[in-house]
Amino acid sequence: MTVSEAQLQEAVGRLKNSGVRITPQRHAVLEYLLNAEIHPTADDIYKALEGKFPNMSVATVYNNLRVFREIGLVRELTYGDSSSRFDCNTSDHYHVICDSCGKIVDFHYPRLDEVESLAQKVTGFDVSHHRMELYGTCENCKKATQH
Ligand SMILES: [Zn+2]
Ligand SMILES: [Zn+2]
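Every value quoted in this text rests on a predicted model; they were computed, and no experiment measured them.

**Remarks on the packing of helix H3 (residues 42–49) against helix H4 (residues 58–70)**
Reasoning step 1: Close contact between H3 and H4 brings their axes to 9 Å; oriented N to C, the two are set at 120°. The orientation of H3 relative to H4 falls into the category oblique. Crossing of H3 over H4 shows right-handed handedness. Residue-level inspection shows Ala42, Asp43, Ile45 and Tyr46 of H3 in contact with H4, the latter providing Val58, Val61, Tyr62 and Leu65.

**Structural notes on the domain arrangement of the protein**
Reasoning step 1: As assigned here, the protein comprises domain 1 (5–87) and domain 2 (94–146).
Reasoning step 2: One C-alpha centre belongs to domain 1, the other to domain 2, and the line joining them spans 23 Å.

**Thoughts on unusual backbone geometry**
Reasoning step 1: The phi dihedral of His39 falls on the positive side, at around 60°, and the residue is not glycine.
Reasoning step 2: Residue placement: His39 occurs in the loop between helix H2 (24–35) and H3.

**Concerning helix H1 (residues 5–17)**
Reasoning step 1: Between its first and last C-alpha, H1 extends 18 Å over 13 residues, near the 18 Å set by a 1.5 Å rise per residue.
Reasoning step 2: Taking burial as the measure, the 13 residues of H1 include one buried ones, a minor fraction of the element.
Reasoning step 3: Just past H1, the residue Gly19 takes up positive phi, approximately 80°.

**Remarks on the sheet that holds strand S3 (residues 94–98)**
Reasoning step 1: Read across the open sheet, the three strands follow the order S4-S3-S5; overall the sheet is mixed. Of all strands in the sheet, those with a lone pairing partner are strand S4 (104–107) and strand S5 (133–136), marking the two edges. Averaged over all neighbouring strand pairs, the angle between strand axes comes to 25°, with direction disregarded.
Reasoning step 2: Where S3 meets S4, four bridges bridge the pair, whose relative direction is antiparallel. When the sheet's bridge partners are listed, Tyr94 is paired in S4 with Phe107.

**A word on the environment of Thr41**
Reasoning step 1: Relative to the helices and strands, Thr41 is located in the loop between H2 and H3.
Reasoning step 2: Counting along the chain gives 42 residues from Thr41 to Ser83, while the straight-line C-alpha distance between them is 6.7 Å.

**Quick word on the environment of Asp126**
Reasoning step 1: The residue Asp126 is located in the loop between helix H5 (113–123) and S5 in this model.
Reasoning step 2: The class of Asp126 is exposed, set by 6 C-beta atoms lying within 10 Å.
Reasoning step 3: Along the primary structure Asp126 and Gln25 are separated by 101 residues, whereas in three dimensions their C-alpha atoms are 41 Å apart.

**A short note on the packing of H2 against H4**
Reasoning step 1: Between H2 and H4, the least distance of the axes is 10 Å, while the angle of their chain directions is 70°. On the basis of the axis angle, H2 is roughly perpendicular to H4. In this structure, H2 uses Gln25, Arg26, Val29 and Leu30 to contact H4, whose residues at the interface are Thr60, Val61, Asn64 and Phe68.
Reasoning step 2: Across the contact of H2 with H4, the residue classes tally to four nonpolar, three polar and one charged.

Reading the values: the criteria
- Residues numbered from 1 in each chain as written.
- Chains lettered and ligands numbered in written order.
- Predicted model: local features only at pLDDT ≥ 70, side-chain atom pairs only at ≥ 80, totals over all residues.
- Axes fitted to C-alpha atoms, helices over the stretch in contact; angles between N-to-C directions.
- Helix = DSSP H or I, 4+ residues; strand = E, 2+ residues; numbered from the N terminus.
- Parallel < 35°, antiparallel > 145°, perpendicular 65-115°, else oblique.
- Left-handed = near helix turned anticlockwise from the far one by under 90°.
- Contact = placed C-beta atoms within 7 Å.
- Domains from an automatic or database assignment.
- Expected span 1.5 Å × (residues − 1).
- Buried ≥ 20, exposed ≤ 12 C-beta atoms within 10 Å, placed from the backbone.
- Pairing = 2+ DSSP bridges.
- Nonpolar A, V, L, I, M, F, W, Y, C, P; charged D, E, K, R; others polar.

So this is what it looks like as structure tokens:
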């Protein structure tokens, strides 16, 4: 799947409206992120783009990701000790995670609002959000073990 030019333009428009300067590197990071289905880490993005931008560092990538996160273009997913992954789908969705390669795939399912209201009732918490993750083996890794 490739992202539509319209989606990229919309994201660039949001950056401009927030007063963020669009450098070629920033544009490339954004484009990569919008096209990536795996929810890449900063390292993944760096490796994918270092050939094109030899002067770019992982710190630059982090910097750009922070800017994108602050204006709500990406969501940062943290998983304990492993490095953060970045998701440019900021609508409600769930994730399926591969135990072998760590890839994260979006998964659409109606929001589990009842779980939140039940948890709220039972515990007295003000529940703000929830995360649901399913784990397993992705198609690629399944194929790899079948040989
Ligand atoms: Zn996998
Ligand atoms: Zn996602």
